[in-house]
Amino acid sequence: MARQFETIGIVGAGQMGAGIAHVCALAGYAVVLYDISSDRTEAGLKRVNGTLDRQLGSDKITSAQKAEALSRITASTDVASLGTADLVIEAVTEDETVKRKVYAQVCPVLKPEAILATNTSSISITRLASATDRPERFLGIHFMNPVPVMKLVELVRGIATDDPTFDAAKAFSARLDKVTTVSEDFPAFIVNRILMPMINEAIYTLYEGVGSVESIDTAMKLGANHPMGPLQLADFIGLDTCLSIMQVLHDGLSDSKYRPCPLLVKYVEAGWIGRKAGRGFYDYRGETPVPTR
């Protein structure tokens, strides 16, 4: 029988970390939401409250369930607070250097038997595991964005991940009412191995003047039945994250088909990284988004 968790630690109170905290708390887990500043943890709690309100407004949860979920989340800026957790999920920026620094700070405070997981969407699990003190109890638990809405979780084993760790992660995902898919430890796994080159190709289509932002997104929404156009989706994900994943694919697979579009690089260099910055392929600073090209 798979190991059962009681307390979940989450490192990073951004969009993904807050979303993971949301679903864990609703599923009945005690949650420690850790970040380096109280501003970040407060913003994370505010985000959780907002998504719970949306679920309440659509009758997916009751007011009692919302109150109970919020009561289960403890925000902290003290890394030692993660010492009570049975499972810790790292959900910081998609940068290997940053993740390695996090592990160096987090591992010394964890219980010996605690499992450490990463929410990385592209980076090698085996390589990240080597930066920890517990590679056999390390794996990828990749949630989709937005976490409270998306049903899928990608589970990714590193070369050292043991069976009890994998089985516990699978049981944990099931308790969150998520569907799991298992990916081998290759760059960008399954979802982003397929999705990001499509987004990158849409940006090339814009870069080469084949179509405008609006025409590309309309074509894919109405012509391929996508719920969101690829450029709109890129803005939602964050162009910096899209670029990071394309760089991982290009570096890891050494195939020119994964070369990031120069226009994507330019937008990131300008700081126009999507919704979170107010501008990307659309300008979000007005009442309705307006294409920037």
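Analysis parameters
- Residues numbered from 1 in each chain as written.
- Predicted model: local features only at pLDDT ≥ 70, side-chain atom pairs only at ≥ 80, totals over all residues.
- Heavy atoms only, no water.
- Pairing = 2+ DSSP bridges.
- Helix = DSSP H or I, 4+ residues; strand = E, 2+ residues; numbered from the N terminus.
- Axes fitted to C-alpha atoms, helices over the stretch in contact; angles between N-to-C directions.
- Phe/Tyr/Trp six-rings, centres within 6.5 Å; stacked < 30°, edge-to-face > 60°.
- Buried < 20%, exposed > 50% of the residue type's maximum accessible area, 1.4 Å probe, protein only.

J.: Quick one: what's the story with the sheet that holds strand β6 (residues 138–143), residue by residue and with numbers?
T.: Spatial strand order, β3-β2-β1-β4-β5-β6-β7-β8: eight strands in an open sheet with mixed pairing. The outermost strands of the open sheet, each flanked by one partner alone, are β3 (73–76) and β8 (179–183). Within this sheet the neighbouring strands show an average axis-to-axis angle of 25 degrees, counted without direction. As paired elements, strand β4 (residues 87–90) and strand β5 (residues 115–118) share four bridges and run parallel to each other. Along β5, the bridge assignment pairs L87 with I115.

J.: Outline the packing of aromatic side chains, supporting the account with residue identities and numerical values.
T.: Scanning the entire structure with this criterion turns up seven aromatic pairs. When the centroid spacing of 5.6 Å and the interplanar angle of 80 degrees are considered together, the rings of Y103 and F138 count as edge-to-face. A residue pair is termed long-range when its members are at least 10 positions apart, and Y103 in helix α4 (residues 96–106) and F138 in strand β6 qualify at 35 residues. Judged by relative accessible area, which is 0%, Y103 ranks as buried. Note on Y267 and F281: the rings are 4.6 Å apart at their centroids and 35 degrees apart in plane angle, and the pair reads as tilted. Separated by 14 residues along the polypeptide, Y267 in helix α11 (residues 262–270) and F281 in the loop between α11 and β9 (282–283) bring together distant segments of the chain.

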